[in-house]
Amino acid sequence: MATVTKLNLKAESGDSGDHRLREAEQNEAVAATSDARIKRVVELGNGSQVIYIPRFLNYDQSWDYLEYLNKNIHWNRPTIRVFGRSCVQPRDSCYVASEGLPQLVYSGYQPHAYSWDEFPPLKDILDAVHKALPGSRFNSLLLNRYKEGDDYVGWHADDEKLYGPTPEIASISFGCEREFLLKKKPDKTPQGKNTSGEQPKKRLKKDGSPDKHSFVLKHGSLLVMRGYTQRDWLHSVPKRVKADSLRINLTFRLVL
């Protein structure tokens, strides 16, 4: 497994590459400054919305968080049930939650809930998210670690009842860039019929379809799903052969 850390990059560059490395880091810092305020807002329709901020956290600070999370979080790769069959979850995970919340259960698995006080940096990240999203009040966190390109999360919606009908989920990524895909849930109306009274439209090409969206989640980025996104849409992080480096993702949620 290859990991993504600044120390590794420096070691691989060698002494002859020090100048190029410093130049690359300076360019990255300039890019981070120039697009720090860029925000992409995607209106999915029917009260669903996605917000994406590629440079939410400071570049160097994000490396520190990646190293801390990789070494200090109590990672677990549990056995879950998918379509009635038992299998090993294709990524590591950990769950953090405030005291007194209902237990989280997904795919037949109930993770142990760790305390925020056990991982102080997580509280700092949570504070930054709350400042960026006025009115939000997250009290739980599901962490996922993707060690390489074969680690993934399949199509699903975070529509557990304990999150309520319109859950807001804030997702922060560290390390290797990976694709985050969204697709609209299948229409439950009978085939060939619609309830709008309009003529059915021709299926659009994949790249231009309003029913599919793709985001490349950068190191230190923030993606937020709001409104009825979990009711009407599915999301995934698919396998990618070339993604041979470490990625850690934090998804903040509100348990009601």
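Residues numbered from 1 in each chain as written. Predicted model: local features only at pLDDT ≥ 70, side-chain atom pairs only at ≥ 80, totals over all residues. Heavy atoms only, no water.

The name an unreviewed UniProt entry assigns to the protein is Fe2OG dioxygenase domain-containing protein, from the organism Anisodus tanguticus.

Participant: Is there a simple way to explain the sheet that holds strand β10 (residues 178–184) in this structure?
Facilitator: Sheet strands pair by backbone hydrogen bonding; their relative direction is either parallel or antiparallel. Judged by pairing direction, the sheet is antiparallel, and its four strands sit side by side in the order β8-β13-β10-β11 without closing on themselves. The outermost strands of the open sheet, each flanked by one partner alone, are β8 (153–156) and β11 (212–217). Direction aside, neighbouring strands of the sheet carry axes that sit 15° apart on average. Both β8 and strand β13 (residues 233–237) contribute to a ladder of two bridges, which runs antiparallel. If you follow Val153 over to β13, its bridge partner there is Val237. (Pairing = 2+ DSSP bridges. Helix = DSSP H or I, 4+ residues; strand = E, 2+ residues; numbered from the N terminus. Axes fitted to C-alpha atoms, helices over the stretch in contact; angles between N-to-C directions.)

Participant: What is the right way to look at the pattern of salt bridges in this model?
Facilitator: In a structure, side chains of opposite charge can pair up when their charged atoms sit close to one another. For the structure shown, the criterion picks out twelve salt bridges. When the shortest N-O distance is used, the salt bridge between Arg77 and Asp151 registers 2.8 Å. Of the two residues, Arg77 is situated in the loop between α3 (59–72) and β3 (79–82) and Asp151 in the loop between β7 (140–146) and β8; the sequence distance between them amounts to 74 residues. The exposure class of Asp151 is buried, given its relative accessible area of 5%. Among the ionic contacts, a cluster of salt bridges with common partners joins Arg77, Asp92, Arg145, Lys147 and Asp151. (Salt bridge = Lys/Arg side-chain N within 4 Å of Asp/Glu carboxyl O. Buried < 20%, exposed > 50% of the residue type's maximum accessible area, 1.4 Å probe, protein only.)

Participant: Can you help me understand the confidence of the model for the protein in this one?
Facilitator: One rule of thumb: low pLDDT means the predicted coordinates there are not for detailed reading. With 78% of its residues at a pLDDT of at least 70, the protein reaches an overall mean of 84. Note that residues 7–35 has pLDDT below 50 and, in this model, eleven contacts with residues that lie over four places away or in other chains. Contacts from residues 192–207, a stretch scored under 50 in pLDDT, to residues over four places away or in other chains number five contacts. (pLDDT = per-residue confidence, 0-100. Contact = heavy atoms within 4.5 Å.)

Participant: Could you clarify how one ought to interpret the side chain of Asp158 in this entry?
Facilitator: Take Asp158: it is sitting in the loop between β8 and β9 (169–175). For Asp158, a relative accessible area of 7% gives the class buried. Within polar-contact distance, the side chain of Asp158 engages the side chain of His156 at 3.4 Å. Among the polar contacts made by the side chain of Asp158, one reaches the side chain of His235 at a distance of 3.2 Å. If sequence neighbours within four positions are ignored, Asp158 has contacts with Tyr163, Pro167, Ile169, Gln230, His235 and Arg253. (Polar contact = N/O pair within 3.5 Å; in protein donor to acceptor, adjacent residues only side chain to side chain.)

Participant: So what exactly am I meant to see when it comes to the packing of aromatic side chains here?
Facilitator: Between two aromatic rings, the relevant description is the distance of the centres plus the angle of the planes. In this structure the tally under the stated criterion is seven aromatic pairs. Summarising the aromatic geometry, the rings of Tyr65 and Phe174 are spaced 5.9 Å apart at their centres and angled 50° between planes, so their arrangement reads as tilted. One end of the pair, Tyr65, is in helix α3; the other, Phe174, is in strand β9, and 109 residues separate them in sequence. Like Phe174, Tyr65 is buried. Aromatic side chains Tyr114 and Phe119 sit 6.1 Å apart centroid to centroid with 70° between the ring planes, which places their arrangement in the edge-to-face category. For Tyr114, a relative accessible area of 18% gives the class buried. Every member of this aromatic cluster is reached through a ring pair, and the members are Trp116, Phe138 and Phe252. (Phe/Tyr/Trp six-rings, centres within 6.5 Å; stacked < 30°, edge-to-face > 60°.)

Participant: Just to check I follow, could you spell out the packing of α3 against helix α4 (residues 120–132) for this structure?
Facilitator: The relative placement of two packed helices comes down to the angle between their axes together with the axis-to-axis distance. Viewed as axis vectors pointing N to C, α3 and α4 meet at an angle of 140°, and their least axial separation amounts to 10 Å. Judged on the interaxial angle alone, α4 and α3 are oblique. As for how α3 packs across α4, the hand of that crossing is left-handed. Contact residues: Tyr65, Tyr68 and Leu69 in α3; Pro120, Pro121, Leu122, Asp124 and Ile125 in α4. Each residue belonging to the contact of α3 with α4 can be placed in one class, and the counts come to seven nonpolar, no polar and one charged. (Parallel < 35°, antiparallel > 145°, perpendicular 65-115°, else oblique. Left-handed = near helix turned anticlockwise from the far one by under 90°. Nonpolar A, V, L, I, M, F, W, Y, C, P; charged D, E, K, R; others polar.)

Participant: Just to check I follow, could you spell out the UniProt feature "binding site: 2-oxoglutarate" (unreviewed entry) in the protein for this structure?
Facilitator: In this structure's numbering, the residues bearing the UniProt feature "binding site: 2-oxoglutarate" (unreviewed entry) are Asn144, Tyr146, His156, Asp159, His235, Arg247, Thr251 and Arg253. Structurally, His156 is set in strand β8. Look at His156 and you get partly exposed, because its relative accessible area is 25%. Residues in contact with His156, not counting those within four places in the same chain, are Leu234 and His235. Along the chain, Asp159 falls in the loop between β8 and β9. Here Asp159 is in contact with Lys185 and Gln230, once residues within four sequence places are set aside. (UniProt positions renumbered as here; feature names shortened; annotations may be inferred.)

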